Amino acid sequence: MKLRMTRKPVIPFVTGIPLAIIAIFVVASRWIVPNATRQDIMTGVTSPGTAGHLFGTDQLGRDIGQLAIAGAGSAVLGPIVIALGSMMIGILLGTFAGYIGGWLDLLLSKYADLLLALPTTLVALVVTGLVDGGYWVTVLVLIMLFSPTDIRMVRGSVIAQTGRPYIESAKVLGLGRLRIMFRHILPNVLPVAFSTMLLNVAFALVSMSALSFLGLGVGPGVPDWGRQLSDSRDLLDRNWGSLVLPAMLIIITAAAINLLGDWLQERYEEGSVQR
Amino acid sequence: MDSAHSHRRLTQLLSRGSLTRFIIVRLAATGLLLLVLSFVVFALLHLTPGDPARNLVGVRNVTPELLQSIRDKYHLNDPFMSQYLHWLGNVLHGDFGESIRNNTTVTTLLSDRVMLTLQLSSLSFALTVIVAVPLGIAAAWRTGSALDRSMSAASIVGIGAPTYAVGLLLLYVFGLWFNIFPVYGSGDGGFDRWWHLVLPAITLASGLAAMVFKLTRTAVVAELNQDYVAFAQSRGLTHRQIRSLVLRNAMIPVATSLGLVFAFLFGGTILVEVTFALQGIGSLLAGSVTFKDLPVVQAITLLTATVIALTALAVDILYYAVDPRVRKRGAQ
């Protein structure tokens, strides 16, 4: 309980800077690096620091730095959709399971058990690989795989709210179940849901780029950090930039989102304890 | 008389809160889970786009006779449920069919590869436990200290850091730059094998250690906040006595979750094996998925699920047997 140090807004500041830069890349990459995928076979692989190429080039003569900036979009957009989608499922099903309970609760927790019985990477790899899924199929599969934890999380916090006096008084007032669930309980669940969503974005980012590292997800030629990493294995001895830049981008982005989500969660928990 | 006695004995055994009842219920649940999963895994063959028979032929020359023989062999003209039962019957005898990519049975292919994955999982598991558990205890003992805060932050980064990125960075620094460790491959067995597994194991352990660190820290902190600790302190028990009490209780949840960690590790080696070009179950799965080698994919998925489900079962039973509080809760 001596975590008072986190009170100083160091974490939002430290994590905010890289995240803001990534956000700019996502929104404006088509203007910042319009020629990111332009190939120049004559140049071939060059090491970092070569004139005009801060991080060098790959086999096709594409600039590693420009490719990485252009790859921010596919790295971040899918994970945001995954986190939003799985949290929407989580809120809908978790609220019903937690508040109404009964057979619905049992069914949903069995479904969650089934999906949690296997490692995410394995299921995502098998399903997207066998159906030849592109980017958005991968997103859909990951929404399915992420939803059980969200259902459980929402269910838990709904149950924690159900015993509180304000719910009792809402019941006494004769409010309908749907109204109690979504007008009264839901606003109290949302802060935790938001921080969980942030953590899910980070986790989804790592999973998505893992799949494209294995050659699934984004199509060939599309700029993507995971694909850049998998390509870099063949040029390790000639251009270390092709490895270090995308690797650091994935690690820093995931870590920043994780730290921010963790900080929010902790803050929220402290707040609810003091209340 | 005798039957009345055995009946009473049985009800006693199966009464709420008894260990036997618990084991039977959990066994049944695990069996059901695996049955459902086996059904899903079998259905993969039909969910994959294209004619299942053609998918099973692979790149061999497709002749009508060959397609017919494949259909006969896998009973593809039978109703779906009867196909499934045939397949399940074979699987229960250890027969997953033949690999499409390699001309061997899936079972031979798996038995060649499983050892490496097992060695890799064990090594990273050992590394994780040796590093993360003591650090977690130390951090919990002094919450808010510099050690606690830096380790907690590091664990957040570690949980988020992708295995393949960490692996490639390690490979570059220690394999290519300093030239200490081998870069690719599984080694020639014996010590060389283990030497080849050091970097992959460290890679796998880095994410896992972060998780185990958090878990241990939370368990010890929760235990330290118990009333009996305050009581023991006010009674004047020594620091050492209290520590042994707290650790004994806190290690129950830690030890049980470690079982699950190991099981998941077994399925989580895909990325590391691909990164370091190791010939294990994980890289086999990745290759088989890309090649649509369905019998192999089915076998590995089901095998991993079985390992995880059985470990979860064992962990649950151990938990139940070791911790009287859980038994009491179950009885209520």
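Being a predicted model, the structure only gives us computed values, none of them experimental.

About the cut-offs
Residues numbered from 1 in each chain as written. Chains lettered and ligands numbered in written order. Predicted model: local features only at pLDDT ≥ 70, side-chain atom pairs only at ≥ 80, totals over all residues. Heavy atoms only, no water. Salt bridge = Lys/Arg side-chain N within 4 Å of Asp/Glu carboxyl O. Helix = DSSP H or I, 4+ residues; strand = E, 2+ residues; numbered from the N terminus. Buried < 20%, exposed > 50% of the residue type's maximum accessible area, 1.4 Å probe, protein only. Contact = heavy atoms within 4.5 Å. Polar contact = N/O pair within 3.5 Å; in protein donor to acceptor, adjacent residues only side chain to side chain. Nonpolar A, V, L, I, M, F, W, Y, C, P; charged D, E, K, R; others polar. Phe/Tyr/Trp six-rings, centres within 6.5 Å; stacked < 30°, edge-to-face > 60°. Lys NZ or Arg CZ within 6 Å of the ring centre and 35° of its normal.

(A) Region of the structure containing the pattern of salt bridges. Residues and elements named next belong to chain A. Counted according to the given criterion, the structure contains 3 salt bridges over all chains. Between D105 and R155 there is a salt bridge whose closest N-O contact spans 2.6 Å. Here R155 lies in helix α5 (residues 135-162) and D105 lies in helix α3 (residues 102-116), a separation of 50 residues in the sequence. Residue classification places D105 among the buried residues on the basis of a relative accessible area of 14%.

(B) Representation of the interface of chain B and chain A in the model. Taken together, the 41 residues of chain B in the interface contact 38 residues of chain A. Our enumeration of links across chain B and chain A arrives at 1 salt bridge. Among the ionic pairs, A:D262 bridges to B:K214, the shortest N-O distance being 3.4 Å. Along the contact surface separating chain B from chain A lie 5 residue pairs in polar contact (both at pLDDT 80 or more). For the side of chain B that touches chain A, the secondary-structure elements that each account for two or more residues are α2 (19-47), α7 (146-160), α8 (163-177), α11 (239-267), α12 (270-275), α13 (281-291) and α14 (294-322) of chain B. Counting residues per element, the side of chain B that touches chain A draws most heavily on α8(B), which supplies 8 residues. In terms of residue class, the side of chain B that touches chain A is built from 30 nonpolar, 8 polar and 3 charged.

(C) Just the packing of aromatic side chains, in detail. Under the criterion given, the structure shown has 10 aromatic pairs over all chains. Between B:F39 and B:F80, the aromatic rings sit 5.7 Å apart at their centres with planes inclined by 85 degrees, giving edge-to-face as the arrangement. A residue pair is termed long-range when its members are at least 10 positions apart, and B:F39 in helix α2 and B:F80 in helix α5 (residues 80-92) qualify at 41 residues. For B:F80, a relative accessible area of 30% corresponds to the partly exposed category. Relative to B:W87, the ring of B:F42 lies with its centre 5.3 Å away and its plane at 45 degrees, an arrangement referred to as tilted. Of this pair, B:F42 sits in helix α2 while B:W87 sits in helix α5; the two residues are 45 residues apart in sequence, bridging distant segments of the chain. There is no split in this pair, since B:F42 and B:W87 are both buried. Feature note: the residues B:F39, B:F42, B:F80, B:Y84 and B:W87 constitute an aromatic cluster, connected by ring pairs. Geometry around A:W31 places A:R30 over its ring, the cationic atom sitting 5.7 Å from the centre.

By themselves, these figures tell us nothing about what the structure is for.
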